[in-house]
Amino acid sequence: MTVLSQADINAEIDDIAVSYHRTGLEESQPRLNYPPYRSSVLRHPKAELQQVDPEGVELAAPCFGLRDVQEHESDLTIQHTGEPIGERIVVTGRIVDGDGRPVRRQLVEIWQANAGGRYRHQRDQHPAPLDPNFTGVGRCLTDDDGNYRFTTIKPGPYPWRNHHNAWRPAHIHFSLFGNEFTQRMVTQMYFPGDPLFAFDPIYQSITDSKARERLVATYDHDVTTHEWATGYRWDIVLTGSLRTPMEA
């Protein structure tokens, strides 16, 4: 194991701080402080990064394997006794690094609203129906080629009180755990042609239009199943100049 001097550790912390507090030249990732997205003003970091022992943090890290994640967990339409209401869809894609190499055995978790645009969560009380046969959470592990696949219901848009007449475009949240808990990354996948894109400050907090487009899935007729489900493809790039935008 390489032992770093205190000077090396301080230099590494300084490099992280510079990359974390981005300048206006890099807008392919969401802005940390974006006033139209009111929560970002309250949640973005206002203090310098604090030094911690990474090995100490990782002692509490999860370790996932094939025995921990069951195959049926990736199908959100069979988790209850009845059929959920809404358009059944398949969402699939690859998780790769900046050089296109597959990220194997990656734990992928998703959560989403139901077809009426409501989460099964205590704080979501807007007047849309709850679906007793849809919880809206699932997970899977990528295969040897970095592929993931979920069967679910297309979520609906929902109001979120950020401003007057504020509605979120339909989306699915993705969580990628990496090899250690400290590597966890979270992002959102959107659906093509949504008219709410122009009015959503979370989506618009990424000012690079090409980067925003990388959050939008593509309809894929080869993924679509006859008389069963429509199909969408969405690849996730973890590093490099074409990386998928991630939440801070």
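The coordinates are above.
Here is a short report on the structure shown in this document. (Residues numbered from 1 in each chain as written. Predicted model: local features only at pLDDT ≥ 70, side-chain atom pairs only at ≥ 80, totals over all residues. Heavy atoms only, no water.)

This next bit is on the sheet that holds strand S2 (residues 107-111). Pairing is antiparallel across the open sheet formed by four strands, whose spatial order is S3-S2-S7-S8. Looking at the sheet topology across the chains shown, the edges are occupied by strand S3 (137-141) and strand S8 (185-190). With strand direction ignored, the average angle separating the axes of adjacent strands in the sheet is 25°. The sheet contact formed by S2 and strand S7 (residues 171-176) spans four bridges and is antiparallel. Across the sheet, the residue bridging to Val108 is Leu176, located in S7. (Pairing = 2+ DSSP bridges. Helix = DSSP H or I, 4+ residues; strand = E, 2+ residues; numbered from the N terminus. Axes fitted to C-alpha atoms, helices over the stretch in contact; angles between N-to-C directions.)

Turning next to the pairing of strand S10 (residues 230-233). Bridge count between strand S1 (residues 88-96) and S10: four bridges; the pairing is parallel. Bridging from a neighbouring strand, Thr92 pairs with Arg233 of S10. Pairing geometry for strand S9 (residues 218-219) and S10, over two bridges, is antiparallel. Bridge assignment links Tyr219 to a residue of S10, and that residue is Tyr232.

Our focus in this paragraph is the pattern of salt bridges. Evaluation of the coordinates by the stated rule reveals eight salt bridges. Linking Asp97 and Arg101 is a salt bridge whose minimum nitrogen-to-oxygen distance equals 2.7 Å. With a relative accessible area of 17%, Asp97 lands in the buried category. When salt bridges with common partners are traced through the structure, they connect Asp97, Asp99 and Arg101 into a single cluster. (Salt bridge = Lys/Arg side-chain N within 4 Å of Asp/Glu carboxyl O. Buried < 20%, exposed > 50% of the residue type's maximum accessible area, 1.4 Å probe, protein only.)

Among the nonpolar cores identified, the biggest contains 39 residues, and Tyr148 and Phe174 are the most heavily contacted of them. Once residues within four sequence positions are removed from consideration, Tyr148 is found in contact with Val91, Thr92, Gly93, Arg94, Ile95, Val108, Cys140, Thr142, Phe174 and Trp234. (Core = buried A, V, L, I, M, F, W, Y, C linked by side-chain atoms within 4.5 Å. Contact = heavy atoms within 4.5 Å.)

Let us look at unusual backbone geometry. A positive phi angle, near 55°, is found at Arg105, a position not held by glycine. If you trace the backbone, Arg105 turns up in the loop between S1 and S2. We classify Arg105 as partly exposed; its relative accessible area is 40%. Even without glycine at this site, Asn165 takes up a positive phi of about 60°. Asn165 gets classed as exposed once you look at its relative accessible area, which sits at 59%.

Moving on to the packing of aromatic side chains. According to the stated counting rule, one finds 10 aromatic pairs in the structure shown. A ring pair is formed by Phe150 and Phe174, whose centres lie 6.3 Å apart and whose planes are at 85°; its orientation type is edge-to-face. Remark: Phe174 occurs in strand S7 and Phe150 occurs in strand S4 (residues 147-153); sequence separation between them is 24 residues. Considered together, Phe150 and Phe174 belong to a single accessibility category, that of buried residues. Aromatic side chains Tyr219 and Tyr232 sit 6.0 Å apart centroid to centroid with 80° between the ring planes, which places their arrangement in the edge-to-face category. With Tyr219 in strand S9 and Tyr232 in strand S10, the pair connects residues that are 13 residues apart, well separated along the chain. Assessed through its relative accessible area of 38%, Tyr219 is described here as partly exposed. Under the relative-accessibility criterion, Tyr232 is labelled buried at 7%. Directly above the ring of Trp160 sits Arg168, whose terminal nitrogen or CZ lies 5.8 Å from the centroid. (Phe/Tyr/Trp six-rings, centres within 6.5 Å; stacked < 30°, edge-to-face > 60°. Lys NZ or Arg CZ within 6 Å of the ring centre and 35° of its normal.)

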